[in-house]
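A closer look at the structure
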Amino acid sequence: MVIVGSVEGYISSALGRMPRADLEQVLLRSGWPKSIVQKYLRQEPNVLEKSDGILAISNLTKSFNKKKVLTNVNLVVNKKDLIGVVGVTGSGKTTLLHIIAGILPPSGGTVHTHSSIGIAPQQPALHEHLTARENLEHYADQFNVNNKGRVLELLKLVKLFDDHDTRVEDFSSGMKKRLDIACAIIHEPELLILDEPLADIDPLARQYLWDLLKKINASGTTILLTSHLVDELSAHCSRIAVLKGGQLLDFGPVDDLSNVYTSHYEVRLQVKNILSASVILQKISKDLFTNHFDKDGVTIITTQKPLSLAQSIISISEHDNFVINLLSVQHPTLSEVFEEVVK
Amino acid sequence: MKQHITLLTRKKTVLALALLAPLLILLIAGIAYDNTNVYTFRIGIVGVGTENSLQLISAINSTNFTIVMEQNSTDCTRKVVASDYHACITFADGFEYGVTGKNSVTFHVDPSRTQLVNTIKEKFRDYISVQSQQQSFGKAATLLSTIKDIKSEAESGSKSVGDSVASNDNSISSVKDAQTALGNVDTSPVVPGAGMIITHKDSLDAQAKKTIGNTITQLNSVQSTISVILQLDNSQTNITSHSLKIQSAITNLTSQLSVDSNVTNATLLKINDTVSSLSSELSKLSDTLKKSSDEKSKAGTALSMAIQNLDSGGKNLQAAKNFIKNIIDRADSLSITDASQIALPIITNTDEINVQSSKLPYTFPTLAILVLSLTALLITPAIVVYDKTSPAHIREMLSPQPSWKNVFSLYTAGLLITLLEAILIFAILYLFHSQSADNGPAILFALFISGVAFTALGLLTGAVSKSEEMALIIGILLITVMLILSDVILPLATVPQSVQDVASYNPLYQSTQFLRKVTIHGQSFSELLEQSLPLLITAVLLFLISMFFSSKKVVSVASTKPAFSRKV
């Protein structure tokens, strides 16, 4: 095993992908000296002190009434990361964020952070009967922010300066999201947690929000956000964590995940008679594809040999007189892959 | 419909509260309002010293009135004013049924308690009615018993008199017998016999005296002779003379004695005859006397019997006299001189003691506190629950502000609204009863401390509620319980002592009492300040409990295992 960079960095990264016990076994099987493994894994991780880590989650478990919502989640967030957590509803995203924020206690495992945290929950944490300015002033007071200019600064940052005297109840969803983010960073937190910030807003507003988040991220604030919009997350986030059924399926840079999940090809086939697709699949050699599924009337066949597969489909169709409406070869999008993975 | 039922079943806490809490109230009320002692009012009593007054007190004491003896009506009345007693009863000096000037009972009572006076009067009336009946029955029974006794005694008296009459008849008969017996006593034979005896006696006496005289003379002569003889020593010559003389004297004496003997014999004969005659007479007399003695004996017996009969008659008459005296005494013992003594034995007066000092309708303080409590118990929990369920709460939980600041902020908000309501109440009070402004500071303070307590209770209600509807239900239930455990619906004195002890901590009860004291009884600010300390302590405790329920549940290093460290 070749380690690029520091041991701590590697372990930190590896812990983000697998449980500590599993990693220990992997490392021992890979020939790591037992003393080293014990040094870094048997002890509580102190990656926060030795690297640029801002948050370390180890073997995090959370149960509600004996129902496990999170199981052995391991995650390390570094400073200035912009991390997207993706998962279907009920996968444990919000629970994970609430545990990180300290709103919920974990049932097991550890969460280490020494950073100040700002949170923007799924439903904007705003007082609807107050104006934008009053909300900011309220939270400035709550978080002991004495800088009077901070409120105006944030109003300008989220482009609500002109609406500062408007009550929040009169705001659009996008405006509320922006104001909510402004309130969340009123005390200049080192870690900003956003739960579904992109939900319920139009694409234009989303784009504006991404610009805002990038500005905040660029100013040094680490951001951890959840969303269903994998494409957008993959477009803007530095790393992505995939949650399914309370388990962290994967966690890493978007490119790495793309390499893992989108390295294969997808052959898309649509024939006039839908039953013909089944006949074609039965006649194709099993060596030519790894998986297939139907989506929106199109049969998608995953393969590492797209040209051979396409030729085989064409020849079978000609032999059996099947009419092919669509036949294409392409890499899957990250969104498509995750959509299948997290189902 | 299914979805609505499902909605209800899914909100188990709210459903449980809505269903079980009223049952709990019913349980409490069921225990508290045991109607067997519904009249356990505190009554001050002045002037209990007579048997009749004690009887009347026992009449209400037995119906679970709480009776407290007081030395004088001034103290007693003052305690009514201070609401320590529900009423004060003053008995006239030497209270006695049916005695003019001593049979009056005065009730000192707040005008709102006149019904209580009626209740007590009713108790008295019931008791007196029973007493009158019992008295009537008693008197009638006594009369009948007395008449029966009189009859019995009269019958005995009649028998005694009859016996006396019989004794008298017997006496008369005995006396008649005695009279007859005495009539039969013959005294006539005694008179001639006795005369003759006397005559003979006198004659014999004279004869005897004469004979004896003669004899004595003769004897003297003899003696002289003998003396002469004795003197003859010297002269013989004279002996013969003297002997002759003696002879002659003896002869004379003998002659004389013979004569005397004859005479005596004759006399003796006569005496003998007389004695014979006398003996005969005496014999006759003896017979007569014997007959008389018999008759006398008979008369004595008859008289003795008459005496016995008269004595017996006298005793019987004395017994009859005693019987009559007894009858008179019995009649006197009835002592029923006036029928009205039974029908109208007491006079009652009512002294409405608060007429002069009352500035307000009695129900105003109760209504005012009720409004204040409703405001505090509905609005404060709403504010708290809104804050707790607001999306903003998540971020506020993460703020470095201590919990108590937020709790205090919520409390202050609720208190401000409640105090605004209090000011409106005071304004209404001032508008319609401007004279109440005299005691304005005390009234405002009473409203203020009530607001403080109710807001604290509202704060706690909100703190333990998960939703607004839950807070609403709890608030309504609390108000209901407080209403039951106060004197708003029924006097607190009607509940058992144990419940009264609990109820004394009821803010609604305390507040109502405070406002009543300052508005109606004119209690001063300083007095109220002293009395309000328990309510203020209650408010502080409620606030602290609310803080406990409202404390932030943010996970910290100290509260999680394994370790969780976070810097905010």
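These numbers were taken from a predicted model, which means no experiment stands behind them.

With that settled, consider the overall build of chain A. Per the secondary structure count, chain A includes 14 helices and 13 strands. For chain A, the residues scored as buried account for 41% of the 343 residues in total. Long-range pairs, those at least 24 residues apart, make up 71% of the contacts in chain A with a sequence separation of at least 6.

Another aspect to go through is the overall build of chain B. Broken down by element type, chain B carries 17 helices and six strands. Buried residues in chain B amount to 31% of all 568 residues. A fraction of 81% describes how many contacts in chain B between residues 6 or more apart in sequence connect residues 24 or more apart.

With that out of the way, let us pick up the sheet that holds strand β4 (residues 104–109) of chain B. Residues and elements named next belong to chain B. Read across the open sheet, the five strands follow the order β2-β1-β3-β4-β5; overall the sheet is mixed. Two strands in the sheet have a free side with no partner beyond their single neighbour: β2 (66–70) and β5 (347–352). Geometrically, the sheet is characterised by an average inter-axis angle of 25° between neighbouring strands, direction not taken into account. Where β4 meets β5, six bridges bridge the pair, whose relative direction is parallel. Paired with T106 across the strands is N349, a residue of β5. Relative to strand β3 (residues 87–91), helix α4 (residues 73–81) is tilted by about 165°, and along the sheet it contacts β1 (42–46), β2, β3 and β4.

With that settled, consider the nonpolar core. Within the largest apolar cluster, 73 residues are counted, with the highest numbers of intra-cluster contacts made by L179(A) and I193(A). Those residues in contact with I193(A), other than ones at most four positions away along the chain, are L97(A), I100(A), A101(A), I117(A), I119(A) and L224(A). I425(B), L429(B), A446(B) and L508(B) belong to the second largest nonpolar core, which has 52 residues in total.

To continue, consider the packing of helix α11 (residues 403–432) of chain B against helix α17 (residues 533–550) of chain B. Residue and element names in this part refer to chain B. Following both chains from N to C, one finds α11 and α17 inclined at 125°, their axes separated by 10 Å at the closest point. The angle between α11 and α17 places the two elements in the oblique class. Every pair of crossing elements has a handedness; the one defined by α11 and α17 is right-handed. Residues S403, W404, V407 and Y411 of α11 touch α17, and the partners they reach there are F543, S546, M547 and S550.

Turning our attention to the sheet that holds strand β13 (residues 324–330) of chain A. Residue and element names in this part refer to chain A. Strand order in the open sheet made by the four strands is β11-β12-β10-β13, with antiparallel pairing throughout. Each end of this open sheet is capped by a strand with a single partner; those strands are β11 (291–295) and β13. On average, each strand axis in the sheet is inclined to that of its neighbour by 20°, with strand direction left out of account. By the bridge criterion, five bridges tie strand β10 (residues 265–271) to strand β12 (residues 298–303) in an arrangement that is antiparallel. Following the sheet pairing, E266 is matched in β12 by T302. Sheet contacts for helix α12 (residues 274–283): β10, β11 and β12; angle to β10, the most-contacted strand, approximately 135°.

So, on to the packing of helix α6 (residues 132–142) of chain A against helix α7 (residues 148–157) of chain A. All names here are of chain A. Two numbers describe how α6 lies on α7: the axes approach to 10 Å, and their chain directions differ by 130°. Judged on the interaxial angle alone, α7 and α6 are oblique. Remark: the crossing between α6 and α7 carries right-handed chirality. Within the contact between the two elements, α6 uses A132, R133, L136, E137 and A140 and α7 uses R150, V151, L154 and L155.

All right, on to unusual backbone geometry then. As a rule of thumb, non-glycine residues mostly have phi less than zero, and peptide bonds are mostly trans rather than cis. Residues and elements named next belong to chain A. One non-glycine residue, N65, lies in positive phi territory at about 50°. Residue placement: N65 occurs in the loop between β1 (53–64) and β2 (67–78). Backbone geometry at K159 places phi at a positive 55°, although glycine is not the residue there. Summarising the element assignment, K159 is placed in the loop between α7 and α8 (173–184). You can call K159 partly exposed: it has 13 C-beta atoms within 10 Å.

Direction of pairing for β3(B) relative to β4(B): antiparallel, over a ladder of five bridges. By the bridge assignment, T90(B) is partnered in β4(B) with T106(B).

Our focus in this paragraph is the confidence of the model for chain B. Residue and element names in this part refer to chain B. Looking at chain B as a whole, the pLDDT averages 75, with 71% of positions reaching at least 70. Residue range residues 35–39 is modelled with pLDDT below 50. Its contacts to residues more than four positions away, or to other chains, number seven contacts. Note on residues 355–359: pLDDT is under 50 here. Beyond four places in sequence and across chains, it has 10 contacts.

All names here are of chain A. Among the seven residues in β10, five count as buried, and that is most of the element. Where β10 meets β13, six bridges bridge the pair, whose relative direction is antiparallel. By the bridge assignment, R268 is partnered in β13 with S328.

On to helix α3 (residues 51–61) of chain B, then. An α-helical segment advances 3.6 residues per turn. Residues three or four places apart therefore align on the same side. All names here are of chain B. Those residues of α3 not exposed but buried are N52, S53, L56, I57 and I60. All buried residues of α3 lie within an arc of 135° about the axis, which places them on one face of the element. Within α3, the exposed residues directed more than 90 degrees away from the buried face are E51 and S58.

Residues and elements named next belong to chain A. Taken residue by residue, chain A gives an average pLDDT of 83. The fraction at 70 or more is 87%. The secondary structure element of chain A with the lowest average pLDDT is helix α4 (residues 47–50), at 51, and the one with the highest is strand β6 (residues 191–194), at 93. Below pLDDT 50 for its whole length, residues 1–5 participates in three contacts with residues either more than four positions away or in separate chains.

A few words now on the environment of V481(B). On the secondary structure map, V481(B) appears in helix α13 (residues 468–484). The spatial distance from the C-alpha of V481(B) to the C-alpha of A503(B) is 9.7 Å, given a sequence separation of 22 residues.

In this fold, C183(A) is placed in helix α8. In this structure, C183(A) is in contact with A125(A), L126(A), N135(A), L136(A), Y139(A) and R395(B), ignoring residues within four places of it in sequence.

Rules behind the numbers
- Residues numbered from 1 in each chain as written.
- Chains lettered and ligands numbered in written order.
- Predicted model: local features only at pLDDT ≥ 70, side-chain atom pairs only at ≥ 80, totals over all residues.
- Helix = DSSP H or I, 4+ residues; strand = E, 2+ residues; numbered from the N terminus.
- Buried ≥ 20, exposed ≤ 12 C-beta atoms within 10 Å, placed from the backbone.
- Contact = placed C-beta atoms within 7 Å.
- Pairing = 2+ DSSP bridges.
- Axes fitted to C-alpha atoms, helices over the stretch in contact; angles between N-to-C directions.
- Core = buried A, V, L, I, M, F, W, Y, C linked by C-beta atoms within 7 Å.
- Parallel < 35°, antiparallel > 145°, perpendicular 65-115°, else oblique.
- Left-handed = near helix turned anticlockwise from the far one by under 90°.
- pLDDT = per-residue confidence, 0-100.
- Arc of directions from axis to C-beta.

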